[in-house]
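Observations on the model geometry
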Amino acid sequence: MSEGIYKLDRNVIGTHIDSTTYANVGDNKPKPGRVVSQHSASVSCQWWRRPSGVAALCLGLLCLLLLAGIIGLFVYYGDIGHQYFTERDKLQKERDIFQKLLVTSLNGCKVFGNSIYYVSTEQNTWEYAGQDCRRRGAQLVIINNQEEQRFLNALNIQTWIGLSDIETEGTWRWVDGTNLTTAYWGGGEPNNLDEGEDCAVIYHDFTDPVKKWNDTPCTRKLNWICEKVID
């Protein structure tokens, strides 16, 4: 009986050992779907590394775009700032000119078109009148069209204008050196009476409502009109 028990126990034990052995062997076997080779692992790792390079490239491009945008805005607002300061300086100069002319005369200034006019309160020669206008940053008035002529006629003052034939008799030029092209001489003028009338004046004795110019000696003492053109 003892021998039979021993055999039985041995068989039982053998069966247990075999079962355990096979169980362990089964546990160590790779399961389907979970077999990973070194090549697969390497590819997988490489795949996970790629997004970092793409992200860096995208970030670099984004930085370049932002930098370009900042530069563009800087240039754009720089141009606007330049235009602003240019316009401001221009307005400041115009205001200074107007105030200077306004202070120098109780009559104040006259404005027509894009010009400011100063009418003198004293009388002097044509040469003196021109010098006075230059001191004011202006010049003896130059009449460019009939509208301006009518405006000056309406002031109803006998005044010097910036026109003469001092350099060449019969060749009338404005004080800026340009030749006379459109004239508003009164009837029979200019006549260079006694060969001594070389400067032009607005003279209201003529009946024509527009043509009021007369030539007269430059040494006469008359009022004058200075003109400053505002660009």
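All values reported here derive from a predicted model rather than from experimental measurement.

**A closer look at the layout of surface pockets**
If you add up the space inside the largest pocket, you get close to 300 Å³. If you go around the largest pocket, you meet 18 residues; those closest to its centre are W126, S164, R173, W174 and V175. Considered class by class, the residues forming the lining of the largest pocket number six nonpolar, seven polar and five charged.

**Description of the pattern of salt bridges**
One pass over the structure, following the stated rule, counts four salt bridges. Here D89 and R88 are joined by a salt bridge, their closest N and O atoms 3.8 Å apart. We classify R88 as partly exposed; its relative accessible area is 42%. Where R173 meets E167, a salt bridge forms, and the shortest distance between an N and an O atom there is 3.8 Å. Taking relative accessible area as the criterion, E167 reaches 71% and is therefore assigned exposed. The network of salt bridges with shared partners includes D132, R135 and R136.

**Brief notes about the UniProt feature "transmembrane region" (unreviewed entry) in the protein chain**
In the numbering adopted here, UniProt assigns the feature "transmembrane region" (unreviewed entry) to residues 54-77. Secondary structure content for residues 54-77 is 100% helix and 0% strand, while the C-alpha to C-alpha distance between its ends is 35 Å.

**Quick notes on the nonpolar core**
I143, L152, I161, L163 and W213 are the most contacted members of the largest nonpolar core, which has 19 residues in total. Listing elements by their share of this core, those giving two or more residues are β2 (115-119), α4 (146-153), β4 (159-164) and β6 (199-202). Core analysis: the next-biggest nonpolar cluster, separate from the first, contains 13 residues, Y118, V201, C218 and C226 among them.

Analysis parameters
Residues numbered from 1 in each chain as written. Predicted model: local features only at pLDDT ≥ 70, side-chain atom pairs only at ≥ 80, totals over all residues. Heavy atoms only, no water. 1 Å grid on protein atoms, 1.4 Å probe; cavity = no way out; pocket = protein on both sides within 12 Å on 5 of 7 lines; lining within 4 Å. Points joined across faces, edges and corners; volume = space filled by probe spheres on them. Nonpolar A, V, L, I, M, F, W, Y, C, P; charged D, E, K, R; others polar. Salt bridge = Lys/Arg side-chain N within 4 Å of Asp/Glu carboxyl O. Buried < 20%, exposed > 50% of the residue type's maximum accessible area, 1.4 Å probe, protein only. UniProt positions renumbered as here; feature names shortened; annotations may be inferred. Helix = DSSP H or I, 4+ residues; strand = E, 2+ residues; numbered from the N terminus. Core = buried A, V, L, I, M, F, W, Y, C linked by side-chain atoms within 4.5 Å.

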